[in-house]
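# Breakdown of the fold
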Amino acid sequence: MRSALIVLFNQDFTKNVPKLEALYGGRFTEIRYIAPDHWSRLDRPYLAGGAKGCLAYQADCLVSGVRRVLGKRNPFELAEGDAVLRQRILRVVGHQFQFYHFVVQAAKSLLKLEVDWFWVIGDDAILNPRLDERGLAARFALSAETDAVLCRPVYGFDAWIEHICGSIDSGLQRAARALGRDGPWVREPVQPEPGAERNDRLPVACMDFFGLSRTALQRLLPIWERMFRQRLYVELGGPLAILATFDRIRFCDDFDWRRNANKQEMEAILDALAESETLIFSHPIKLSMFKPAQVERLRPYQ
C-alpha cells in the first residue's frame with residue numbers, strides 16, 4: 001500500500017527536518033512536513049468559538065502574510081538547504097490547539113501525491129524504527145475498506161472538557177454545530193476515563209499519530225473545517241470527526257505517551273523505543289535537543 005508520511009509540527013521547528021529525513025527517508029513512498037506560522041500570540045482565543053477565535057486566526061494570517069512578503073523567517077525555520085527538501089515543507093497558519101486544521105490547509109498539496117494512505121505523526125513523536133509503510137499496514141491489518149487508524153479514545157474527564165470547551169454543554173453545542181446533528185455521535189464503544197462523570201458524549205484521543213485512507217481524508221476535510229470554526233481542541237475535534245464519520249476504524253493501543261520529559265528521560269524513551277518490538281510510537285522526543293549521532297539508534301533497521 002503506497003503511503004505518505006505527514007510530519008505535523010506544532011510549531012515551526014523545521015530546522016529538524018534533516019534529522020527527520022534521516023529517520024524516515026526510504027520508509028514511505030512520500031514524506032511531507034506541515035509547519036505553521038503563528039504570530040498573533042493570542043493563545044486563549046484559539047479555544048473560543050465565535051468572533052474571538054476568528055479574530056485570532058485572521059490576525060495570524062495577516063501578520064504571517066506580511067512577514068513572508070518581507071522575507072522574514074521564523075526563529076527555528078529551516079532557512080537553507082536542499083531545494084527538494086524545502087519543497088516538501090508545506091506552510092500553514094494557525095495554532096497547535098487545532099492542528100487538524102493544518103491538514104485541511106495543506107490538503108490540496110497532499111491529495112496530489114500518488115498514494116493510497118496517509119500516516120500522520122507529530123514532530124515530537126517518533127515512530128518505531130522497525131515500522132515502514134508495509135509494516136504499519138500489516139500491524140493494523142489495513143485493507144481497501146479500512147477508513148482510519150486512531151489512538152484509542154476515551155470520554156474525557158469533566159474538568160478537562162470544561163477547560164478546553166468552557167463547559168460540557170458548550171462542547172456539546174459546538175460539536176453539534178460542527179457535525180450538523182445532535183449527539184450521540186460515536187459509533188464505536190468508548191470507555192470513560194476516571195473523572196468523566198457527566199461527560200458521556202465527547203471523546204478525546206491522542207492525535208500525535210493517526211492514519212487515513214485517501215477517501216477518508218477527502219471526506220474529513222469539510223468536517224474538520226467546521227470543527228475549526230467552532231474552535232474545538234485538537235484532542236476532541238480531531239478524533240470526534242473520525243469517530244462520527246467512519247465505521248471501519250483500527251485502534252492503536254501500543255504507544256508510550258508522556259506529557260513532559262527532560263532530556264535524560266527522553267534518552268530513556270529513545271532507548272525503550274529502539275528496543276521495543278511492539279510500540280508504535282513514543283512521545284515526547286525533542287529532536288532539537290539531540291545531535292544527529294544521538295538519534296542513530298532510531299534509524300531504520302535493515
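Starting from 1, residues in each chain are numbered consecutively following that chain's sequence as written. Where local features are concerned, this predicted model is filtered to residues with pLDDT of at least 70; where side-chain atom pairs are given and counted, the filter is 80 or more; whole-chain, interface and lining totals use all residues. Each side-chain value is worked out from all heavy atoms of the structure, with water and hydrogens disregarded.

## Considering helix 10 (residues 263–275)
What counts as a helix is a DSSP run of H or I of at least four residues, what counts as a strand is a run of E of at least two, and both are numbered from the N terminus. By definition here, a helix of n residues has an expected span of 1.5 Å times n minus one. For helix 10, spanning 13 residues, the distance from its first C-alpha to its last is 18 Å, which sits close to the expected 18 Å at 1.5 Å a residue. Three labels apply to residues, based on accessible area from a 1.4 Å probe with only protein chains included: buried if under 20% of the type maximum, exposed if over 50%, partly exposed otherwise in between. When we look at burial in helix 10, the residues that qualify are Met-266, Ile-269, Leu-270, Leu-273 and Ala-274. Around the axis of helix 10, the buried residues are gathered within 130° of arc, so they sit on the same side. With respect to the buried face of helix 10, the exposed residues turned more than 90 degrees away are Gln-264 and Glu-275. Where helix 10 is buried, its residues meet strand 5 (126–127), strand 12 (255–257) and strand 13 (281–283). Side-chain atoms alone can form a polar contact between residues adjacent in sequence; in general such a contact is a pair of N or O atoms within 3.5 Å, and within protein one must be able to donate a hydrogen while the other accepts it. At the N-terminal boundary of helix 10, the capping side chain belongs to Asn-262, with an oxygen 3.2 Å from the backbone nitrogen of Gln-264. The directions from the helix axis to the C-beta atoms form the arc being described. Working rule for contacts: check all heavy atoms of both residues, and any pair within 4.5 Å makes them a contact.

## So, the pairing of strand 2 (residues 30–37)
Of all the 8 residues making up strand 2, 7 are buried; the element is thus mostly covered by neighbouring parts of the structure. The pairing criterion is simple: DSSP has to find at least two bridges between the two strands. Pairing between strand 1 (residues 3–8) and strand 2: 5 bridges, direction parallel. Note that in strand 2 the partner of Ile-6 across the bridge is Arg-32. With strands facing away from the observer, any crossover in which the path from the first strand over the helix to the second runs clockwise is taken as right-handed. Where the polypeptide runs from strand 1 across helix 1 (residues 17–24) and back to strand 2, its parallel neighbour, the crossover connection is right-handed. Sheet topology note: the strand 2/strand 3 (residues 89–93) ladder contains 5 bridges and is parallel.

## Let's talk about the sheet that holds strand 3
In a beta sheet, neighbouring strands are held together by backbone hydrogen bonds and run either parallel or antiparallel to one another. Across the sheet, which stays open at both edges, the 7 strands sit in the order 3-2-1-4-10-6-11 with mixed pairing between neighbours. Strand pairing shows two members of the sheet lacking a second neighbour, strand 3 and strand 11 (249–252), which therefore form its edges. Averaged over all pairs of adjacent strands, the angle between strand axes in this sheet comes to 25°, irrespective of strand direction. Bridge count between strand 6 (residues 148–151) and strand 10 (residues 209–213): 3 bridges; the pairing is antiparallel. By the bridge assignment for strand 10, Leu-150 is matched with Phe-210. In this description, a line fitted to the C-alpha atoms serves as the axis of each element, helices being fitted only across the stretch in contact, and the angle between N-to-C directions of two axes falls anywhere from 0 to 180 degrees. Lying over the sheet, helix 1 contacts strand 1, strand 2, strand 3 and strand 4 (117–122), oriented at roughly 155° with respect to strand 2.

## Remarks on the sheet that holds strand 9 (residues 203–204)
A sheet is described by the order of its strands in space; here 3 strands give the open sequence 8-7-9, paired in mixed fashion. Lying at the two open borders of the sheet, with one neighbouring strand each, are strand 8 (191–192) and strand 9.

## Brief notes about the nonpolar core
Ranked by internal contacts, the top residues of the largest apolar core, which has 61 residues, are Ile-34, Leu-212, Trp-224, Met-227 and Ile-242. In terms of residues, this core owes the most to one element, helix 8 (residues 214–229), which gives 8 residues. With near-sequence residues (within four places) excluded, Trp-224 lies in contact with Tyr-100, Val-103, Val-104, Met-207, Phe-210, Leu-212, Gly-237, Gly-238, Ala-241 and Ile-242. Grouped together as the second largest cluster of nonpolar side chains are 44 residues, Ala-35, Leu-136, Phe-209 and Leu-287 included. Take the buried residues of types Ala, Val, Leu, Ile, Met, Phe, Trp, Tyr and Cys, join any two whose side-chain atoms come within 4.5 Å, and each joined set is a nonpolar core.

## Some points on a nonpolar patch on the surface
Here a patch means residues that are over 30% exposed by relative accessible area and free of salt bridges, tied together within 9 Å if like-charged and within 5 Å if nonpolar (Val, Leu, Ile, Met, Phe, Trp, Tyr). Surface exposure here means Shrake-Rupley accessible area, sampled with a 1.4 Å probe, where a residue is shielded only by the protein chains that are shown. For this analysis, a salt bridge means a side-chain nitrogen from Lys or Arg found within 4 Å of a carboxyl oxygen belonging to Asp or Glu. On the surface, a cluster of nonpolar side chains totalling about 500 Å² of accessible area is made up of Leu-62, Val-63, Val-66, Val-69 and Leu-70. With respect to the secondary-structure elements, Val-69 resides in helix 2 (residues 51–69). Residue classification places Val-69 among the exposed positions, given a relative accessible area of 72%.

## Digging into helix 7 (residues 168–179)
The end-to-end C-alpha distance of helix 7 is 16 Å, a good match for the 16 Å that 12 residues give at a rise of 1.5 Å each. All of the buried residues along helix 7 are Ile-168, Gly-171, Arg-174, Ala-175, Ala-176, Ala-178 and Leu-179. Where the residues of helix 7 are buried, they touch helix 6 (158–165), helix 8 and helix 9 (234–245). Phi turns positive one or two residues past the end of helix 7, at Gly-180, with a value near 80°.

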